[in-house]
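Listed below are the residues making up each chain.
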There are 4 protein chains.
Amino acid sequence: MTVSNPPESPGEKETGRLEAFSDGVFSIAMTLLVLELQLPKPSAPTTAASVWQGLANLWPSYFAFVTSFFTVLIMWVNHHGIFRLIRRTNARLMFANGFLLLLVTVVPFPTALVATYLKTPAAGAVCTVYSGTFVIASIAYTLVLVFASSGGHLLVPNSSREVKRKLRDCYLVGLPLYTLATAVASFIPALSLLICSGLWIYWCFASVER
Amino acid sequence: MTVSNPPESPGEKETGRLEAFSDGVFSIAMTLLVLELQLPKPSAPTTAASVWQGLANLWPSYFAFVTSFFTVLIMWVNHHGIFRLIRRTNARLMFANGFLLLLVTVVPFPTALVATYLKTPAAGAVCTVYSGTFVIASIAYTLVLVFASSGGHLLVPNSSREVKRKLRDCYLVGLPLYTLATAVASFIPALSLLICSGLWIYWCFASVER
Amino acid sequence: MTVSNPPESPGEKETGRLEAFSDGVFSIAMTLLVLELQLPKPSAPTTAASVWQGLANLWPSYFAFVTSFFTVLIMWVNHHGIFRLIRRTNARLMFANGFLLLLVTVVPFPTALVATYLKTPAAGAVCTVYSGTFVIASIAYTLVLVFASSGGHLLVPNSSREVKRKLRDCYLVGLPLYTLATAVASFIPALSLLICSGLWIYWCFASVER
Amino acid sequence: MTVSNPPESPGEKETGRLEAFSDGVFSIAMTLLVLELQLPKPSAPTTAASVWQGLANLWPSYFAFVTSFFTVLIMWVNHHGIFRLIRRTNARLMFANGFLLLLVTVVPFPTALVATYLKTPAAGAVCTVYSGTFVIASIAYTLVLVFASSGGHLLVPNSSREVKRKLRDCYLVGLPLYTLATAVASFIPALSLLICSGLWIYWCFASVER
């Protein structure tokens, strides 16, 4: 990769290794989620009915598992969509990407919080943490896009318009709506989750259409 | 990868990163299995005999480990066989692939269920869950193949016939037989497992011969 | 990878994805080892001395960690050395490689067994399990090499002589010595470990010299 | 990769697979950190206040998580910067790299030690372990650079000057300062952590400027 052609301008590198490294973090974050799934421990006699009941009781952890998985998957599709437009990296972009990866690995934690406490009086608190995580993730995506485009020669030729559109999506759509979700979470937890879900559906369709 | 040649038609990308990402999920899913292996905790005096006994008592967890490992390996060989024929991806294919990867990471869970409860009256329930997982996995493989071939220009030239054959394997062989296995699991758990094992041997030979 | 040039002869593929997948398993197996390291839980007052003592008491787990890490590293260097000579794979080679990867993921388990029980009367039993694992690993390496060379067109041109030499190393050096180590383990556990360590030093030097 | 062009001089290989393997270890080490994050278990009634309190009480584990993540990220950026200059590997370089990866996987352990014991009388002991880990990591980086440059033909053409500069950074800056940090840790634990943090900021800027 970086090997065959020696670096022309120092401080800039090809993105192959950065993407491979990021893919590693994404795929591990998705796979580690399964460690949360516990076998049901049926009380008293082990019958078909008690095992079904045990599985049914675990639904919040299944729900958190599937939600976290698709959240990280959508983040990966977006990451892929961004780095398709970037052909070189510098150290600033690497650290911004690292910050984004930190948030990718963190996602399962607030998701588990919500799954555990959604039906308790602490629903407002956990939804605040949950949507707040995505505010920070939006900032991370914005940083990646800003650093990628501010060094214009980091981009694939003719892709600066698409990068700008993605950047607008981040700070005109994602950032304000996630902030709104965080602000209302203490009062109407369900609305906060609704906004987050709505945004994922938007990100999905946005990536499908184009 | 995607870097050297800018994307000709937006919404379609090379598959290098998708495969690397998928490989990550497959390899982690296979490696995480080993976390289930517990050291024997011999009761009373620690002698050679008590440690051997402790190891022997753990056989259901060893069995589940080896079975899960080869199940995920076969799923990987099939995934490899499919993506060998695909040269581009779009968002729909990415999400179908993500759905398939979700099932890859889930496999250890129903396998552990079966290992734990096969000798109890709950055998029917756990075999239903187990074979049901592979019904859903078959649907995921079918979706990947349908989305790959419906956008004909996603395929490697001259490979649409092999894709169609693989698709037939999925919905004429895999899907109905796994559904049958799920249907009979409550009544004859052993038959359900036999059908699943038979299908793996079939997938192995199918991939070896061609 | 497999994408740019459509498969000339069906049933044979480039090895890029197989290596990436194997690398994933190797690197995860090595990294998961660190999960075994526990923080010392100093009894009574938390002083510098009690924490040092707590760390010192954990030495068997540190020893197992470092040993497992380098064992898997040597197995990776050998795997790398073998696949450098292979340019295509078929399904048989994939499954042989999968069997080898199964053993890679298993290595931490017998290592932990030895670390836990070496100073007990069960030393013979755990050293039998330990060296027995490497007998099976030798068989897996042998299978990979046999399947790679039996389909002669799977090899990089002019490399069949080096493959044959590696194969001889497996079944004339590795296999008989590990079998010997397993046979004597019940009677002289230390000798069994000595043979295993000696072989690693041999594999290291063998890979350095060439 | 190694496949398309057969190895010209035996014992030397392209670095693609070594980098992929290393990336795997780095990304897993970073992602595994999240396993340390525990859900708060609020005592008595589950209210918003008690959950916020529970989250606040976990701050040492959050702090350790973020610190470990960025430490490993900086190590990865440095590793990337080094291997950008290397085009071939031999067995010695592989083992030096393996030794470095061992330290990468270990980093979360001393970090957790510091997070747990910093406010106890054992602060000196844990800071000694912590900064001592980075002394050994510096030695590992030095070995990688020495082995890479001693076989001059392992380097990308015209990069030996940059390798020498990096090597000086290791043994004139990193090694002595980390050793100093380790030496003073028992007496002034805070100073030891300050030196380590200062060095990370230095590595960050060093990688950004060039």
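No experiment lies behind these values; they were computed from the predicted model shown.

## Digging into the overall build of chain A
In step 1: What chain A contains, in helices and strands, is eight helices and two strands.
In step 2: The order of α-helices and β-strands along chain A, N terminus first, is β-α-α-α-β-α-α-α-α-α.
In step 3: Within chain A, buried positions represent 51% of all 210 residues.
In step 4: Taking the contacts inside chain A whose residues are at least 6 apart along the sequence as the reference set, 73% of them involve residues at least 24 apart.

## Regarding the packing of helix α1 (residues 16-32) of chain A against helix α1 (residues 16-32) of chain D
In step 1: At their nearest, the axes of α1(A) and α1(D) sit 8 Å apart, and the two run at 45° to each other. Classed by the angle they form, the pair α1(A) and α1(D) counts as oblique. Pair α1(A) / α1(D) crosses with right-handed handedness. Within the contact between the two elements, α1(A) uses Arg17(A), Ala20(A), Phe21(A), Gly24(A), Val25(A), Ile28(A), Ala29(A) and Leu32(A) and α1(D) uses Glu19(D), Ala20(D), Asp23(D), Gly24(D), Phe26(D), Ser27(D), Ile28(D), Met30(D) and Thr31(D).

## Focus on helix α4 (residues 91-106) of chain D
In step 1: The terminal C-alpha atoms of α4(D), which comprises 16 residues, lie 23 Å apart, in line with the 22 Å expected from a rise of 1.5 Å per residue.
In step 2: Counting buried residues in α4(D) gives 14 out of 16 residues, a clear majority hidden from the surface.

## What to know about the relation of the copies chain A and chain D
Put simply, the second copy of the chain is the first one after a rotation about an axis and a shift along it.
In step 1: When chain A is brought onto chain D, the operation consists of a screw motion whose angular component is 90° and whose axial shift is 0.0 Å, with 0.0 Å RMSD remaining. Expressed as an axis order, the relation between the two copies is that of a four-fold axis. Using C-alpha coordinates, one finds that chain A approaches the rotation axis most closely at Gly24(A), a distance of 4.3 Å.
In step 2: The fraction of interface residues of chain A whose copies in chain D are also interface residues is only 9%, indicating that the copies meet through different surfaces.

## Here we look at helix α5 (residues 108-117) of chain C
Think of an α-helix as 3.6 residues a turn; residues three or four steps apart then line up on the same face.
In step 1: Of all 10 residues making up α5(C), eight are buried, and the element is well covered by its neighbours.
In step 2: Among all positions of α5(C), only Pro108(C), Pro110(C), Thr111(C), Ala112(C), Leu113(C), Val114(C), Ala115(C) and Tyr117(C) are buried.
In step 3: Those residues of α5(C) that are buried are in contact with α2 (48-57) of chain B together with α3 (59-83) and α6 (123-150) of chain C.

## A few points about the interface of chain A and chain B
In step 1: Contact residues are listed per partner, giving 35 residues for chain A and 35 residues for chain B.
In step 2: Elements that contribute at least two residues to the side of chain A that touches chain B include exactly α1, α2 (48-57), α3 (59-83) and α8 (189-209) of chain A.
In step 3: Among the elements that take part in the side of chain A that touches chain B, α1(A) stands out by supplying 10 residues, more than any other.
In step 4: In terms of residue class, the side of chain A that touches chain B is made up of 18 nonpolar, 11 polar and six charged.

## Points about the interface of chain A and chain D
In step 1: Taken together, the 35 residues of chain A in the interface contact 35 residues of chain D.
In step 2: At the level of secondary structure, the elements contributing two or more residues to the side of chain A that touches chain D comprise α1, α4 (91-106), α5 (108-117) and α6 (123-150) of chain A.
In step 3: The element contributing the most residues to the side of chain A that touches chain D is α1(A), with eight residues.
In step 4: Broken down by class, the residue content of the side of chain A that touches chain D amounts to 24 nonpolar, eight polar and three charged.

## Topic: the packing of α3(A) against α5(A)
All names here are of chain A.
In step 1: α5 packs onto α3 with a crossing angle of 150° between their chain directions and a minimal axis gap of 9 Å. Of the possible angle classes, the one that applies to α3 and α5 is roughly antiparallel. Handedness of the crossing formed by α3 with α5: right-handed. On α5, the residues touching Pro-60, Ser-61, Phe-63, Ala-64, Thr-67 and Ser-68 of α3 are Pro-108, Thr-111, Ala-112, Ala-115 and Thr-116.
In step 2: Partitioned by chemical class, the residues of the contact of α3 with α5 number six nonpolar, five polar and no charged.

## Regarding the relation of the copies chain A and chain B
In step 1: Of the transformation superimposing chain A on chain B, the axial component is 0.0 Å and the angular component is 90°, with the fit at an RMSD of 0.0 Å.
In step 2: Here only 9% of the interface residues in chain A have copies in chain B that are interface residues too; the copies meet through unlike faces.

## Focus on the environment of Thr128(D)
In step 1: Tracing the sequence through the fold places Thr128(D) in helix α6 (residues 123-150).
In step 2: A sequence separation of 61 residues divides Thr128(D) from Pro189(D), and the C-alpha atoms of the two residues are 7.9 Å apart.

## Description of the environment of Ala137(A)
Residues and elements named next belong to chain A.
In step 1: Mapped onto the elements of the fold, Ala-137 is located in helix α6.
In step 2: The class of Ala-137 is buried, set by 24 C-beta atoms lying within 10 Å.
In step 3: Separated by 33 residues in the primary sequence, Ala-137 and Cys-170 place their C-alpha atoms 9.9 Å from one another.

## Considering the confidence of the model for chain A
All names here are of chain A.
In step 1: Per-residue pLDDT for chain A has a mean of 80; in total, 89% of the residues score no lower than 70.
In step 2: When mean pLDDT is taken per element in chain A, α6 scores highest with 89 and strand β1 (residues 13-14) scores lowest with 56.
In step 3: Scored below 50 in pLDDT, residues 1-13 makes 30 contacts in the model with residues more than four places away or belonging to other chains.
In step 4: Two summary scores accompany this predicted model of the complex, namely pTM at 0.80 and ipTM at 0.76.

## Quick notes on the environment of Ala115(A)
Residue and element names in this part refer to chain A.
In step 1: Following the sequence through the fold, Ala-115 ends up in helix α5.
In step 2: Considered as a pair, Ala-115 and Tyr-62 are 53 residues apart in the sequence and their alpha carbons are 9.1 Å apart.
In step 3: Ignoring sequence-local partners within four residues, the contact set of Ala-115 consists of Pro-60, Ser-61, Phe-63 and Ala-64.

What counts, and where the lines are drawn
Residues numbered from 1 in each chain as written. Chains lettered and ligands numbered in written order. Predicted model: local features only at pLDDT ≥ 70, side-chain atom pairs only at ≥ 80, totals over all residues. Helix = DSSP H or I, 4+ residues; strand = E, 2+ residues; numbered from the N terminus. Buried ≥ 20, exposed ≤ 12 C-beta atoms within 10 Å, placed from the backbone. Contact = placed C-beta atoms within 7 Å. Axes fitted to C-alpha atoms, helices over the stretch in contact; angles between N-to-C directions. Parallel < 35°, antiparallel > 145°, perpendicular 65-115°, else oblique. Left-handed = near helix turned anticlockwise from the far one by under 90°. Expected span 1.5 Å × (residues − 1). Least-squares fit on C-alpha atoms with pLDDT ≥ 70 in both. Nonpolar A, V, L, I, M, F, W, Y, C, P; charged D, E, K, R; others polar. pLDDT = per-residue confidence, 0-100.

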